[in-house]
Amino acid sequence: MDRIRIVGGKELNGTIPISGAKNAALPLMIAALLTEDTLVLDNVPRLADVAQLQRILGNHGVDITSVGKRVGDREYQGQTLRISASSIIDTTAPYELVSRMRASFWVLAPLVARMREARVSLPGGCAIGTRPVDLLMMALERLGAQLSIDGGYVVAKAPNGLRGAAIDFPKVTVGGTHVAIMAASLAKGTTVISNAACEPEVADLAACLNKMGARIDGAGTARITIEGVDALHGAQHPVLPDRIEAGTYAIAVATTGGDVQLTGARPELLQSPLGVLREAGAEIAVNADGIRIARNGAGIRPVTVSTAPFPGFPTDLQAQLMALMICAQGSSEITETIFENRFMHVQELARFGARISLEGETARIEGIARLRGAPVMATDLRASVSLVIAGLAAEGETMVNRVYHLDRGFERLEEKLKACGASISRISD
Ligand code: EPZ
């Protein structure tokens, strides 16, 4: 089991290239199931979750090839995947595959839309919450799918195909919005989604589907209209840059001090986190190549933040912000409103000497002047990177265990940080 060893206390200076977004690549890959033509995705990050989804799609009979390096490719350039679902030979997504990468549950939508049947394992919960899928199932039922639960699997049937409908989500759900858009693209008639998720990854999926011949309007806003079409065709589409990765490294620089250019980062996708970092005392400049973040000597000011759906402060940056706040001069508050159990990193951050108290969904953090390195345990993807950030700022050695969590969502993390002066290395046992 790999571990990451960090000797903290060094500033970060240099350039970090931002990879394609995991949370855009996954729905885009799943959308390939909607057509028998080939979907070509560029700038796909090399992540464990992407590899796991390739295995799941392969189980359905999908051919995926990765295009080799080309003359002129940039260093760290994302991979190009050619995904061909010309014949889907199996409409079952098995438990042993789905349970390891929850978003693969979303294959239910294109399978029932195109094949009129599907049998997909319920994904189960994870460290941050029960992660129910009732709203994803509601959306498909509204479009005419008959769903039942059998032995831990969702069995879906739509013998006459799906038909357009009004889908009104009682709460914002990214996965629910992806599922509704994909299924409605091949439904007969018009679908209107209300209270849709406005995350940029939803707009990226819709942009790709429209290149494939779908007729989607309003993606990126809370009201999305889809005119169903009989079939979709192939297309080529670049995966959106990862706003969570960019926000993570911005928070890391604000925590350690230094001056880093985040190449490829898109500031318009990070307005809320950048505003919070400015309030905390970081200097942020937007330029043609991305975002430049620096903190040279100024102290870290405490902030009060609540997570919220886009364009609010993303829950996927909550743990990282907490790592910054344990170094702040004063007390801060972070409230988690999206997931019911997303404070698993608190007890691990406390091992650095942090003083954090929990009251319901709010964490109150008393900043301390000096963190001390410690052995810590990663529990979920974003929590694990908050431990890396704390280790970069702490004095002495930190050992982060269970780094497979990190590999799910951060491409070449050690390389990118080492290139900016961090003393960080992976130890493979
Ligand atoms: C996506 O998860 C992301 N994952 C998550 O990122 C992200 O934290 C989340 O959206 C919120 O932005 C991917 O894109 C692969 P939701 P998703 O449906 O779609 C409740 C990461 O670290 N809910 O928007 O599963 C749910 O319990 C991951 O990259 C229902 O009640 O999240 C939660 O409280 C973590 N019923 C809230 O809605 C449902 O049917 C938002 O969940 C579905 C969701």
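Cut-off values and rules
- Residues numbered from 1 in each chain as written.
- Predicted model: local features only at pLDDT ≥ 70, side-chain atom pairs only at ≥ 80, totals over all residues.
- Heavy atoms only, no water.
- Near = heavy atom within 4 Å.
- Polar contact = N/O pair within 3.5 Å; in protein donor to acceptor, adjacent residues only side chain to side chain.
- Areas by Shrake-Rupley, 256 points an atom, 1.4 Å probe, with all protein chains shown as cover.
- Helix = DSSP H or I, 4+ residues; strand = E, 2+ residues; numbered from the N terminus.
- Nonpolar A, V, L, I, M, F, W, Y, C, P; charged D, E, K, R; others polar.
- Domains from an automatic or database assignment.
- Contact = heavy atoms within 4.5 Å.
- Buried area = accessible area lost by both parts, 1.4 Å probe.
- Salt bridge = Lys/Arg side-chain N within 4 Å of Asp/Glu carboxyl O.
- Pairing = 2+ DSSP bridges.
- Expected span 1.5 Å × (residues − 1).
- Buried < 20%, exposed > 50% of the residue type's maximum accessible area, 1.4 Å probe, protein only.
- Arc of directions from axis to C-beta.
- Axes fitted to C-alpha atoms, helices over the stretch in contact; angles between N-to-C directions.
- Parallel < 35°, antiparallel > 145°, perpendicular 65-115°, else oblique.
- Left-handed = near helix turned anticlockwise from the far one by under 90°.
- Phe/Tyr/Trp six-rings, centres within 6.5 Å; stacked < 30°, edge-to-face > 60°.
- Lys NZ or Arg CZ within 6 Å of the ring centre and 35° of its normal.

Quick word on the site of the ligand
Moving on, step 1. In the neighbourhood of the ligand, 23 residues make up the surrounding shell, with Leu135, Thr173, Gly175, Asp316 and Ile338 lying closest.
Moving on, step 2. Asn23 is positioned with one of its side-chain polar atoms (N or O) 3.0 Å from an oxygen atom of the ligand.
Moving on, step 3. Between the ligand and the protein, one listed contact pairs an oxygen atom with a backbone N or O atom of Leu135 at 2.7 Å.
Moving on, step 4. Protein chains bury 88% of the 820 Å² of accessible surface belonging to the ligand in isolation.
Moving on, step 5. Secondary structure elements with two or more residues in the shell around the ligand: α1 (22-31), α5 (134-142), α6 (174-185) and α12 (381-393).
Moving on, step 6. No other element matches the three residues that α5 contributes to the shell around the ligand.
Moving on, step 7. Classifying every residue of the shell around the ligand by side-chain character gives 12 nonpolar, four polar and seven charged.
Moving on, step 8. Viewed by domain, the shell around the ligand spans two of them, domain 1 (3-18 + 241-427) and domain 2 (22-235), each represented by three or more residues.

Quick look at the domain arrangement of the chain
Moving on, step 1. Partitioning the chain into domains gives domain 1 (3-18 + 241-427) and domain 2 (22-235).
Moving on, step 2. One C-alpha centre belongs to domain 1, the other to domain 2; they are set 30 Å apart.
Moving on, step 3. With 24 residues of domain 1 at the contact, the number on the domain 2 side is 18 residues.
Moving on, step 4. When domain 1 packs against domain 2, the two sides together hide about 1,900 Å² of surface, and 53% of this comes from carbon and sulfur.
Moving on, step 5. If you sort the residues of domain 1 by the area they bury against domain 2, Phe310, Arg408 and Glu411 come out on top, with a joint share of 29%.
Moving on, step 6. At the junction of domain 1 with domain 2, the criterion picks out three salt bridges.
Moving on, step 7. Viewed at the interface, domain 2 and domain 1 are joined by nine residue pairs in polar contact (both at pLDDT 80 or more).
Moving on, step 8. Secondary-structure elements contributing two or more residues to the side of domain 1 that touches domain 2 are α12, α13 (404-409) and α14 (413-418).
Moving on, step 9. Sort the elements by how many residues they give to the side of domain 1 that touches domain 2 and α13 lands first, with three residues.

Brief notes about the sheet that holds strand β7 (residues 117-121)
Moving on, step 1. Spatially, four strands are ordered β6-β7-β9-β8 in an open sheet, and the strand pairing comes out mixed. The strands lining the two open edges of the sheet, one partner per strand, are β6 (92-93) and β8 (146-150).
Moving on, step 2. Pairing of β8 with strand β9 (residues 153-157) involves five bridges; the strand directions are antiparallel. Residue Ile149 lies in a different strand from β9, and its bridge partner there is Val154.

What about helix α2 (residues 48-59)?
In an α-helix, one full turn covers 3.6 residues, which means residues spaced three or four apart are oriented alike.
Moving on, step 1. With 12 residues, α2 extends 17 Å between its outermost C-alpha atoms, agreeing within 8% with the 16 Å of an ideal straight helix rising 1.5 Å per residue.
Moving on, step 2. The set of residues buried in α2 consists of Asp49, Val50, Gln52, Leu53, Ile56 and Leu57. On an axial view of α2, the arc spanned by its buried residues comes to 160°, and they lie on one face.
Moving on, step 3. Contacts made by the buried residues of α2 are with α1, β3 (38-44), β4 (63-67), β5 (79-84), α3 (95-98) and α13.

Side note on the packing of helix α4 (residues 108-115) against α6
Moving on, step 1. Contact geometry for α4 and α6: axes closest at 8 Å, N-to-C directions at 15°. Classified by the angle their axes make, α4 and α6 are roughly parallel. Seen from above, α4 lies across α6 with right-handed handedness. Two secondary-structure elements touch here, α4 through Ala109, Pro110 and Ala113 and α6 through Val179, Met182 and Ala183.
Moving on, step 2. Classifying every residue of the contact of α4 with α6 by side-chain character gives six nonpolar, no polar and no charged.

Some remarks on the packing of aromatic side chains
Moving on, step 1. Evaluated as defined, the whole model comprises zero aromatic pairs.
Moving on, step 2. Sitting over the ring of Tyr153, Arg119 keeps its end group 4.0 Å from the ring centre.

Details of the environment of Arg223
Moving on, step 1. On the secondary structure map, Arg223 appears in strand β13 (residues 223-227).
Moving on, step 2. The sequence separation of Arg223 and Asn195 amounts to 28 residues, and the corresponding C-alpha distance is 6.3 Å.
Moving on, step 3. Among all residues touching Arg223, those that are not within four sequence positions of it are Val192, Ile193, Ser194, Asp217 and Gly218.

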